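# Residue-level structure breakdown
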Amino acid sequence: QVQLVESGGGLVQAGGSLRLSCAASGRSLSNYAMGWFRQAPGKEREFVAAISWSGGSTLYADSVKVRFTISRDKAKNTMSLQMNSLKPEDTAVYYCAADGVPLRVAVTPTRRAYNYWGQGTQVTVSS
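The paragraphs below set out a description of the structure included in this document. Being a predicted model, the structure only gives us computed values, none of them experimental. (Residues numbered from 1 in each chain as written. Predicted model: local features only at pLDDT ≥ 70, side-chain atom pairs only at ≥ 80, totals over all residues. Heavy atoms only, no water.)

## Observations concerning the packing of aromatic side chains
Our working definition: Within 6.5 Å between ring centres, the rings of Phe, Tyr and Trp (the latter by its six-membered ring) count as paired, and their orientation is classed by plane angle as stacked under 30 degrees, edge-to-face over 60, tilted in between. Each residue's exposure class comes from its accessible area (1.4 Å probe, protein chains only) as a fraction of the maximum for that residue type: buried when under 20%, exposed when over 50%, partly exposed otherwise. Here, a charge over a ring is recorded when the distance from Lys NZ or Arg CZ to the ring centre is within 6 Å and its angle to the ring normal is within 35 degrees.
In the structure shown here, the tally under the stated rule is four aromatic pairs. Ring centres 6.5 Å apart and planes at 65 degrees place the aromatic pair Tyr114 and Trp117 in the edge-to-face group. For Tyr114, a relative accessible area of 3% gives the class buried. Aromatic rings pair up to connect Phe37, Phe47, Tyr114 and Trp117 into one cluster. Here the basic side chain of Arg45 rests over the ring of Tyr95, its NZ or CZ set 3.7 Å away from the ring centre. A cation over an aromatic ring shows up here: Arg45 above the ring of Trp117, its NZ or CZ 5.1 Å from the ring centre.

Take a look at the structure:
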């Protein structure tokens, strides 16, 4: 089984930045898309960003486009989410996820497509 561990969460003021990291172990995820989701209190877990298995394609939720950047390091089996210009609305638990299907032709924002999940890391943005 694949294990995913997020890190980098914390409390920042609006307009600040954070960089989240996701470390994978158990197997290489080189052939799997990976993504970030977040869940605020009382709301469903929502898509944030994803990157294809090749690293050549990315997808972002409209709410985070331009402000967030997803990347991956296949050699290190890690993924990151650089979050800039943070807003109070970004406050949530952020989850790292990996696709359950290798070599998927298109990056998907669908939660059910991701079979492996981290424990989550809290991001709190104060106003």
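Here the narrative resumes.
## Section: the nonpolar core
Burial of nonpolar side chains together is a common tendency in soluble globular proteins. For clarity, the threshold we go by: In this text, buried Ala, Val, Leu, Ile, Met, Phe, Trp, Tyr and Cys residues form a nonpolar core when linked through side-chain atoms within 4.5 Å. Segments assigned H or I by DSSP are reported as helices when at least four residues long, segments assigned E as strands when at least two residues long, and all are numbered from the N terminus.
The biggest cluster of nonpolar side chains holds 37 residues, and the ones touching the most others in it are Leu4, Met34, Trp36, Leu81, Met83 and Tyr94. Only β3 (18-25), β4 (34-39), β5 (46-51), β7 (68-73), β8 (78-83), β9 (92-99), β10 (114-117) and β11 (121-126) provide two or more residues apiece to this core.

## Digging into the pattern of salt bridges
Let me state the cut-off plainly: The salt bridge definition used is simple: a Lys or Arg side-chain nitrogen within 4 Å of an Asp or Glu carboxyl oxygen.
Applying the stated criterion to the full structure yields five salt bridges. Two residues, Asp90 and Arg38, come together in a salt bridge whose shortest N-O distance is 2.9 Å. Separated by 52 residues along the polypeptide, Asp90 in the loop between β8 and β9 and Arg38 in strand β4 bring together distant segments of the chain. For Asp90, a relative accessible area of 1% gives the class buried. Of the charged contacts in the structure, one is a salt bridge between Arg67 and Asp90, with a shortest N-O distance of 2.7 Å.

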